[in-house]
Amino acid sequence: MSIKSQSKGVKIENVCLHFGDTEVLKGVNLNIEPGEFFAFLGPSGSGKSTLLRAIAGFGPAPSGRILIGDQDITHLPPWQRNVGMVFQSYALWPHMTVRKNVAFGLEERKVPPQEIDRRVSEALDLVGLLPLAGRRPSELSGGQQQRIALARTVVVEPRVLLLDEPLSNLDANLRVQMRRDILKLQRKLGLTTIFVTHDQEEANTTSDRMAVLSDGVIQQVGRPLELYDRPDNRFVADFLGSAN
Ligand code: ADP
Ligand code: MG
């Protein structure tokens, strides 16, 4: 396989962040293992995206420390972090073909053309869209566009893959299919992945472990079943219980 996994773990040490007077992250500590599929689960406004963006380097720098492997990245600009992020809206370049969209990041990095071809083909194959390489984004469905966004992100061999509610714009059937495919791709590449969702089922069915957030505080961390069986507090019990 030509796309290599450079998976590293992520350590979050006492991370606090505020917007004006509002404290949005209140002393977050987490240790995510290399190759792990990790979910941030919590209601809207609990700080999931803010925490993910702090790892990616978007928005104000938090206090505390964020490490990838043993590198402190808390104050590095996003482009020096070598993490890949897929957003809810997956802006592809409308005037470029699918292949060009996926190749773009490699061309920017001055990767040799032959290697670009090889890696782009492999990334498109991983998401099952190699046959559509010559199309433009407008000729693809929402799910297919999302797969292209995913291919474009993994092709540059990030150390960590960050997914912020990547399925929320898709219809229910497609969501189930996509989350299986994301998991398959993650396992194949062994890529450390953090998946943000407000949907318990999505977190349960994908993640090795998850952190439940509320109001900028991690309420509990563990395997999905552990959290269901032994919630640490009322919030976790109620939040997870509300799915049933
Ligand atoms: P989640 O992703 O869990 O829904 P967010 O991380 O987006 O939550 O938001 C957490 C809190 O931070 C919310 O109360 C939100 O209104 C606030 N917030 C997020 N981004 C900003 C910002 N750029 N400026 C001010 N407040 C923000
Ligand atoms: Mg969010």
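Going by the annotation in an unreviewed UniProt entry, the name recorded for the chain is ABC transporter ATP-binding protein, with Marinobacterium aestuariivivens given as the source organism.

Chemist: Please provide a residue-by-residue account of the site of ligand 1, values included.
Modeler: Lining the immediate environment of ligand 1, one finds F19, V24, G42, S44, G45, S46, G47, K48, S49 and T50. Looking at which element gives the most residues to the shell around ligand 1, the answer is helix α1 (residues 48-56), with three residues. Residues belonging to the shell around ligand 1 are distributed by class as follows: two nonpolar, seven polar and one charged.

Chemist: Now, about the sheet that holds strand β6 (residues 83-86): what can you tell me, with residues and values included?
Modeler: Strand order in the open sheet made by the six strands is β6-β7-β8-β3-β9-β10, with mixed pairing throughout. In this open sheet, the two edge strands, each paired with only one partner strand, are β6 and β10 (217-222). For this sheet, the mean angle separating the axes of adjacent strands, direction not counted, is 15°. By the bridge criterion, four bridges tie β6 to strand β7 (residues 160-164) in an arrangement that is parallel. The residue of β7 that forms the bridge with V83 is V160.

Chemist: Tell me about the pairing of strand β8 (residues 192-197), and name the residues and values.
Modeler: The buried fraction of β8 amounts to six of the six residues, a majority that puts the element mostly inside the structure. Covered by surrounding structure in β8 are T192, I194 and V196 together with T193, F195 and T197, the residues of both alternating faces. Note that strand β3 (residues 37-41) and β8 share five bridges and pair parallel. Each bridged residue has a counterpart across the sheet, and for F40 the counterpart in β8 is V196. For the crossover from β7 across helix α5 (residues 172-189) to β8, the handedness is right-handed.

Chemist: Explain the sheet that holds strand β1 (residues 10-19) to me, using residue names and the numbers behind them.
Modeler: The strand order across the open sheet formed by four strands is β2-β1-β4-β5, and the pairing between neighbours is antiparallel. Here the strands that pair on one side only, and so sit at the sheet edges, are β2 (22-32) and β5 (71-72). Sheet analysis places β1 next to strand β4 (residues 63-68), joined by five bridges and oriented antiparallel. Residue pairing for β4: V10 is matched across the bridge by I68.

Reading guide: rules and limits
- Residues numbered from 1 in each chain as written.
- Chains lettered and ligands numbered in written order.
- Predicted model: local features only at pLDDT ≥ 70, side-chain atom pairs only at ≥ 80, totals over all residues.
- Near = placed C-beta within 6 Å.
- Helix = DSSP H or I, 4+ residues; strand = E, 2+ residues; numbered from the N terminus.
- Nonpolar A, V, L, I, M, F, W, Y, C, P; charged D, E, K, R; others polar.
- Pairing = 2+ DSSP bridges.
- Axes fitted to C-alpha atoms, helices over the stretch in contact; angles between N-to-C directions.
- Buried ≥ 20, exposed ≤ 12 C-beta atoms within 10 Å, placed from the backbone.
- Right-handed = clockwise from strand over helix to strand, strands pointing away.

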